[in-house]
Every structure is written in structure tokens, then in C-alpha cells.
Amino acid sequence: MARTEETLNPFLIAQKQVRWAVTELGLPDAVYEILKQPLRVLEVSIPVVMDDGTVRVFTGFRSQHNDALGPTKGGLRFFTEVSVDEVKALSMWMTFKCAVLGLPYGGGKGAIICNPKELSKRELEELSRGYIRNVSQIVGPEKDIPAPDVYTNPQIMAWMVDEFSRMRERNAFGLMTGKPLILGGSAGRNEATGRGCVTCAVEACKRLGIKLDGARVVVEGYGNAGSVAARLIHDMGAKVIAVNDSKGGIYRAEGLDPRAVLEHKEKTGSVVGFPGSEPVSNEELLQLECEILIPAALENQITAEVAQGVKAAIISEAANGPTTPEADEILAEKGVFVIPDILASAGGVTVSYFEWVQNIMNYYWTEEEVNEKLRVMMARAFDAVYQMHRTKNVTMRRAAFMVAVNRVAEAMKVRGWLD
Ligand code: GLU
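Residues numbered from 1 in each chain as written. Predicted model: local features only at pLDDT ≥ 70, side-chain atom pairs only at ≥ 80, totals over all residues. Heavy atoms only, no water.

Novice: What exactly am I supposed to notice about the overall build of the protein chain here?
Specialist: When you go through the protein chain residue by residue, the secondary structure sums to 16 helices and 12 strands. Against the globule reference of 22 Å for 419 residues, the protein chain gives a C-alpha radius of gyration of 20 Å, in line with a compact fold. In terms of overall dimensions, the protein chain has C-alpha extents of about 55 × 55 × 45 Å along its principal axes. For the protein chain, the residues scored as buried account for 59% of the 419 residues in total. Each charge sign in the protein chain was given a centre, from 47 positive and 53 negative side chains, and these centres are 4 Å apart. (Helix = DSSP H or I, 4+ residues; strand = E, 2+ residues; numbered from the N terminus. Rg over C-alpha atoms; globule rule 2.2 N^0.38 Å. Buried < 20%, exposed > 50% of the residue type's maximum accessible area, 1.4 Å probe, protein only. Lys, Arg positive; Asp, Glu negative; His and termini not counted. Charge placed at Lys NZ, Arg CZ, Asp CG, Glu CD.)

Novice: Honestly, the sheet that holds strand β5 (residues 144–148) in this entry has me stumped. Any pointers?
Specialist: Here 5 strands make up an open sheet; going across it, the order is β1-β2-β4-β3-β5 and the pairing mixed. For this open sheet the edge positions go to β1 (40–49) and β5, each flanked by a neighbour on one side alone. Neighbour-to-neighbour, the strand axes of the sheet open up by a mean angle of 25 degrees, direction not taken into account. (Pairing = 2+ DSSP bridges. Axes fitted to C-alpha atoms, helices over the stretch in contact; angles between N-to-C directions.)

Novice: What is the right way to look at the pattern of salt bridges in this model?
Specialist: Side chains that differ in charge, positive against negative, can pair when their charged atoms come close. Across all of its chains, the model carries 29 salt bridges by this definition. Among the salt bridges present, the one from Asp-419 reaches Lys-413, with a minimum N-O distance of 3.1 Å. Look at Lys-413 and you get partly exposed, because its relative accessible area is 46%. Where salt bridges share partners, they join Glu-125, Arg-129, Arg-133, Asp-162, Glu-163 and Arg-166 into one cluster. (Salt bridge = Lys/Arg side-chain N within 4 Å of Asp/Glu carboxyl O.)

Novice: I'm lost on the sheet that holds strand β10 (residues 292–295) in this one. Help?
Specialist: Note on sheets: strands pair through backbone hydrogen bonds, and any given pair is parallel or antiparallel. Pairing within the open sheet is mixed, and its 7 strands lie in the order β9-β8-β7-β6-β10-β11-β12. At either margin of the open sheet sits one strand with a lone partner, and together these are β9 (278–280) and β12 (337–339). Here the average twist between neighbouring strands, direction ignored, is 20 degrees. Looking at chain direction, β10 and strand β11 (residues 314–316) are connected through 2 bridges and run parallel. Counterpart to Leu-293 in the pairing with β11 is Ile-315. The strands touched by helix α7 (residues 192–208) within the sheet are β10, β11 and β12, with β11 carrying the most contacts at an inclination of about 155 degrees. (Contact = heavy atoms within 4.5 Å.)

Novice: I'm lost on helix α6 (residues 154–168) in this one. Help?
Specialist: Every α-helix winds through 3.6 residues per turn, so residues three or four apart in the chain are directed the same way. With 15 residues, α6 should cover 21 Å at 1.5 Å per step; its first-to-last C-alpha distance of 21 Å lies within 8% of that length. The set of residues buried in α6 consists of Ile-156, Met-157, Ala-158, Trp-159, Met-160, Val-161, Glu-163, Phe-164 and Ser-165. For α6, the side-chain oxygen to backbone nitrogen distance between the N-cap and Gln-155 is 3.1 Å, and the N-cap itself is Asn-153. Just downstream of α6, Glu-169 is the residue with a positive phi angle, here 55 degrees. (Expected span 1.5 Å × (residues − 1). Polar contact = N/O pair within 3.5 Å; in protein donor to acceptor, adjacent residues only side chain to side chain.)

Novice: Hey, could you run me through the side chain of Thr-72 in this one?
Specialist: If you trace the backbone, Thr-72 turns up in strand β3 (residues 72–79). Here the side chain of Thr-72 touches Asp-144 through a polar contact of 3.0 Å, side chain to side chain. Those residues in contact with Thr-72, other than ones at most four positions away along the chain, are Gln-64, His-65, Asn-66, Asp-67, Gly-106, Gly-107, Gly-108, Lys-143, Asp-144 and Ile-145.

Novice: Would you mind going over the site of the ligand with me for this structure?
Specialist: Inspection of the region around the ligand gives 14 residues, with Lys-73, Lys-97, Pro-148, Asp-149 and Ser-352 positioned closest. Pro-148 is positioned with one of its backbone polar atoms (N or O) 2.9 Å from a nitrogen atom of the ligand. Arg-189 is positioned such that a nitrogen or oxygen atom in its side chain is 3.0 Å from an oxygen atom of the ligand. About the coverage of the ligand: the protein hides 96% of its 300 Å² of free accessible area. Among the secondary structure elements, those contributing two or more residues to the shell around the ligand are β3, α4 (84–101), β5 and α14 (347–361). Of the residues belonging to the shell around the ligand, the class tally is 4 nonpolar, 5 polar and 5 charged. (Near = heavy atom within 4 Å. Areas by Shrake-Rupley, 256 points an atom, 1.4 Å probe, with all protein chains shown as cover. Nonpolar A, V, L, I, M, F, W, Y, C, P; charged D, E, K, R; others polar.)

Novice: Sorry, what's going on with unusual backbone geometry here?
Specialist: Notably, Asn-300 is not glycine yet its phi reads approximately 55 degrees, a positive angle. Tracing the backbone shows Asn-300 in the loop between β10 and α11 (304–308). Of the residues examined, Asn-300 reaches a relative accessible area of 18% and is grouped as buried. The residue Asn-393 is not glycine, and still its phi comes out positive at about 55 degrees. Mapped onto the fold, Asn-393 is located in the loop between α15 (367–392) and α16 (396–414).

Novice: How should the side chain of Glu-291 be read in this particular structure?
Specialist: Tracing the chain through its elements places Glu-291 in the loop between α10 (282–286) and β10. From its side chain, Glu-291 meets the backbone nitrogen of Arg-216 in a polar contact 2.7 Å long. Filtering out sequence-adjacent residues up to four positions away, Glu-291 remains in contact with Ile-210, Ala-215, Arg-216, Ala-312, Ala-313 and Ile-314.

Honestly, that's just the spatial picture; any functional story needs more than this.
Here you go:
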């Protein structure tokens, strides 16, 4: 199929995935009718007085897809090119991500259209506070709990918690997750997405009989998820041969030192030009010969064209929606073992759940405790999806959707939403 707007629209992709799972599971049509769109989408305008004295009005969204299993949960991204359809799709994927992990949450997602790299610290703070004021009616520790996502971080979470706490005249740490440690953040949260993705890759290696020691790993995207995944898998004995970021990629057949690459990125703004490495384009990187490929950037990176040349044995998706449906079919035909985003990228929201629980208890776990709980939950979820994959003879992505949609449908049924 041609690469058109329609085939790459994440909302239409997400709808198709749900439609397929509902049909395959033999669930009533009402399940699809409820799940094919979000319960609620709010669009807000956020005026900010810029440093030069002019006023700029930013557009933001919050989409709450489904709350059958609990309050909605999901990140908030600051990005130049984000559409309402993308936010809707991402909120939908959060519903299923939480359900696959067995978390007591529904799915939500938010975004502000902006380029955070062009904003001063003060402008960023004003924008963050303005956003939370404008969505304050629909968020809250028992309603909808935002968290970091693309280009948002613990500092932004802290400003938002502070603003909301002022409005409510009491501290509301449970409003957001991914907060700084001093403000009720959880040990291990920063590393959780990368850690969860690596746990899945390790589980897959075990099932497929691939030795992790010396396995070649390629990481697309060197932000929070990608850089942590690279470091953890390197420390387990794998060889990270290529990584990239929005400015370009680097390759070294003998393996890169992920810590040194991160230092280089922090110093220069990019992984590009890392001493001893060769440059590599995004397409070349995704098609390198390797055992494990970790897409950890944005949606629609592995297209049908790219998929034709993929040589990885395993793809562990740390990003949301990195593989298009056409690419998925090609990868399945080629026998690539794809661990879908709603499973492989769920480490972040899982530790967000631990953070929220700790905020409610006002009692905090050590990093070792958090990491161990995360490992257990990821391995359990992997196993449930793997069982479905084997017994129904479907791809891991389809299996994950079957597990997730089934759980959400069960909750909706006992709540009386279906009959
Ligand atoms: N933004 C992350 C995701 O897409 C984490 C969400 C959360 O922690 O609520 O899964």
C-alpha cells in the first residue's frame, strides 16, 4: 500500500488494531464502538508572555481514552508537530499499555504544540503552569495522572504539581508522576522505560535461544528511553553498535560505550561526531545487521520501505507506534520477532504506577525494590502476551492487543457498560 497520510495516521492505525482484536476475541460490537475514540478530548489555548514582552498563544490537548480499569494515565509531550489525532491515538495506546501490564489505570495523553528547545526556562515554566491551569478540571490524582513523554521532564512535572497544589490549597503530589525525587518522585522512574524495554528484549532472547552476551544492538533515538536501554543492555554484555538522534547517527562495529556517547551528546547536543565512530543515516541504521533493534524515538519510523531491509532478529519497541501496520506485516513475513510498544515501552508507566502508590502511602521504596518489582511485572506481562502469541498463532503485537482489549472489555462488562 502507498505511504499516504491515511496509512500513517496513528489514530486510524490504533482503531484498526482494536477492531481486529475485538473481532478475533469474538467480543460484542459495543466494545469497539466504545473503544474506537476517546471518552473526552480537551483543547486549550495557553497565552504566555515571552521574554521579549510579546504574547504567544500555544495550543495544548489532553485526551482521555477509557477509564474502565481506573483513572486515566499517560504522558504529556512538548513537540512542534503534534496533531489531535496523534494525541488521541497515543491515549488509546495508553489504555492498552496499562491493561497489558495489569495496572489499575485507563489511558490518557497530552501535548502542547511548541518547540521547548527554543523557549527560555521562564517561558517553559509559564507554559507548563498555564497548561495545568487550563486542564485542571479534568486531571487529578483520582481522575487523570499525566507524566513525562517526548521533551518533557521531572522539572516540568514539578512546576505543574506546584501550580495544581496552589489551586487546590494542598499538596497534590499524586497529580503527576515522573516528578523529581525530592517532590515525591520514585527511585528508578527515570530509567524505567529503558529498563522495561531491555527486560522484554532479554525475555525474547531466552525464548528464541539468542545469546545476549556479544549480541549486536542498534538503538534509534538517544533520549531518556534510548540512552538508558543502550547503557543497561551494554552492561549485560551486549554490543551497542549504532545509535542516533534527530541530528544523525553513529556506527562502530566493535561497539560503542553508551555512557561516553551520552556525555558527548550532553556536551555537544548530539551523538554525531562521537570519536571513533562512523556516520550512519537513519535508514541505514534501522537496516543494520544486528540481533536487537530498539526504536526509541517517534512514531512511523519503521515504514514498509524500511522494513524490507531490516535485518534484526528482535525489535523491542521503546517508542510509541514506531512501526507502521504495513511494515509490521513485512516484518512478520520475514520472521522478525517484534515486541510491541504497548508491552516493550510499558516500563515507564509501570514505575509511574509505583510512584503514585508511594505518594498515596507516603512511604518510599528503594531503587532495588522498584527495579525488582518492575522486572517481575514486565516479565509477567511478557509471558501473558507470549502465551497468547503461541496459542493463537498471532504476532506478539496482535497477542498484546488481544490480552489488553480482553481485560478492558471484562471491566466494562462487569461495570454494566455493555448490556
Ligand atoms: N510517556 C510514557 C508512556 O508513553 C509514560 C506514561 C506514564 O508514566 O504515565 O508510556
